[in-house]
Amino acid sequence: LVERYRARDLPVLLVDADPSGSGDVEIMPGVKHKAYGEDVLEASGQEKISLQQLKDLVVKTPHKIDTVAFFNPSRMDHGFVPEAVEPFCDQSSQIYPLIVVDVGVGPDPLIFPFLEQATLILVVTEPDILVISQTRKCLDRLQKLLFPSEMVHLILNKHNSKGPIQPDVIQTNLKRKVSVLI
């Protein structure tokens, strides 16, 4: 899906919206965020993020995917209400026909507004029994929240072709196809 949009030169936004993450999107070459969505909202004292503020948050990558890090990985307390995220999502959807939201392995109420605006949800798992168990809970919760299964894609991180837990075992356990191996 992302490739089709990129091939047609349509803008794609990748939002790192995992409140417990550590800036995953910044491992991509050339990506370094100078500001975070939650900090901009807090500093401005607004419940709304302007179009210009959104554009200032965006980091363009050489891969034709724009990125935004919403949650500041150095903060432990994300002290605002989820409703404050909705204006960010509204502004984003005006610019980007495809918004990909990285939710990590556990949906948090802070990211529900992102999920409601998203075209694609990436759930990252690892070949580890505890992580797979948490991923199953995450997938079950997304299903209970009525997100269509075709919208949710599974990413297998830290894949080792010689490791004891292979993608077919994970796919059987989670009843979902692994879309990408990393």
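For the structure itself, look to the data block above.
Residues numbered from 1 in each chain as written. Predicted model: local features only at pLDDT ≥ 70, side-chain atom pairs only at ≥ 80, totals over all residues. Heavy atoms only, no water.

A. Quick look at the layout of surface pockets. Taken as a whole, the second largest pocket holds about 200 Å³ of empty space. Taken together, 13 residues make up the lining of the second largest pocket; nearest its centre are Leu139, Asp140, Gln143, Leu174 and Arg176. Of all elements in the fold, only helix H6 (129-144) and helix H7 (167-174) reach the threshold of two or more residues within the lining of the second largest pocket. Considering every element that reaches the lining of the second largest pocket, the biggest residue donor is H6, with five residues. When its residues are assigned to classes, the lining of the second largest pocket shows six nonpolar, three polar and four charged. (1 Å grid on protein atoms, 1.4 Å probe; cavity = no way out; pocket = protein on both sides within 12 Å on 5 of 7 lines; lining within 4 Å. Points joined across faces, edges and corners; volume = space filled by probe spheres on them. Helix = DSSP H or I, 4+ residues; strand = E, 2+ residues; numbered from the N terminus. Nonpolar A, V, L, I, M, F, W, Y, C, P; charged D, E, K, R; others polar.)

B. Looking closely at the sheet that holds strand E1 (residues 12-16). Strand order in the open sheet made by the seven strands is E2-E3-E1-E4-E5-E6-E7, with mixed pairing throughout. Lying at the two open borders of the sheet, with one neighbouring strand each, are strand E2 (59-60) and strand E7 (178-181). Inspection of the sheet shows strand E5 (residues 120-125) paired to strand E6 (residues 152-156) by five bridges, in the parallel sense. Across the sheet, residue Ile121 finds its bridge partner in E6, namely Val152. (Pairing = 2+ DSSP bridges.)

C. Region of interest: the packing of H6 against H7. For the pair H6 and H7, the least separation of the axes is 10 Å and the interaxial angle reads 40°. Viewed along their axes, H6 and H7 adopt a mutual orientation that is oblique. Crossing of H6 over H7 shows right-handed handedness. In this structure, H6 uses Ile132, Thr135, Arg136 and Leu139 to contact H7, whose residues at the interface are Ile170, Asn173 and Leu174. Within the contact of H6 with H7, the residues separate by chemical class into four nonpolar, two polar and one charged. (Axes fitted to C-alpha atoms, helices over the stretch in contact; angles between N-to-C directions. Parallel < 35°, antiparallel > 145°, perpendicular 65-115°, else oblique. Left-handed = near helix turned anticlockwise from the far one by under 90°. Contact = heavy atoms within 4.5 Å.)

D. Spatial organisation of the environment of Gln171. Positionally, Gln171 belongs in helix H7. Dropping the residues within four chain positions of it, Gln171 is found in contact with Arg176, Lys177 and Val178.

E. Seen up close, the pattern of salt bridges. Applying the stated criterion to the full structure yields two salt bridges. One salt bridge in this structure joins Asp66 and Lys60, with 3.1 Å as the shortest N-O distance. Across the salt bridge formed by Lys158 and Glu126, the nearest N and O atoms sit 3.6 Å from each other. Taken together, the residues Lys158 in the loop between E6 and H7 and Glu126 in the loop between E5 and H6 connect sequence positions 32 residues apart. Given a relative accessible area of 56%, Lys158 falls into the exposed group. On the basis of relative accessibility, which here comes to 22%, the residue Glu126 falls in the partly exposed class. (Salt bridge = Lys/Arg side-chain N within 4 Å of Asp/Glu carboxyl O. Buried < 20%, exposed > 50% of the residue type's maximum accessible area, 1.4 Å probe, protein only.)

F. View of the nonpolar core. Residues Phe88, Phe114 and Ile121 are the most contacted members of the largest nonpolar core, which totals 39 residues. In terms of residues, this core owes the most to one element, H6, which gives four residues. In this structure, Ile65, Leu120, Leu122 and Ile155 belong to the second largest nonpolar core, which totals nine residues. (Core = buried A, V, L, I, M, F, W, Y, C linked by side-chain atoms within 4.5 Å.)

G. Expanded view of the environment of Phe112. Take Phe112: it is sitting in helix H5 (residues 112-117). With 27 residues separating them along the chain, Phe112 and Val85 place their C-alpha atoms 9.0 Å apart.

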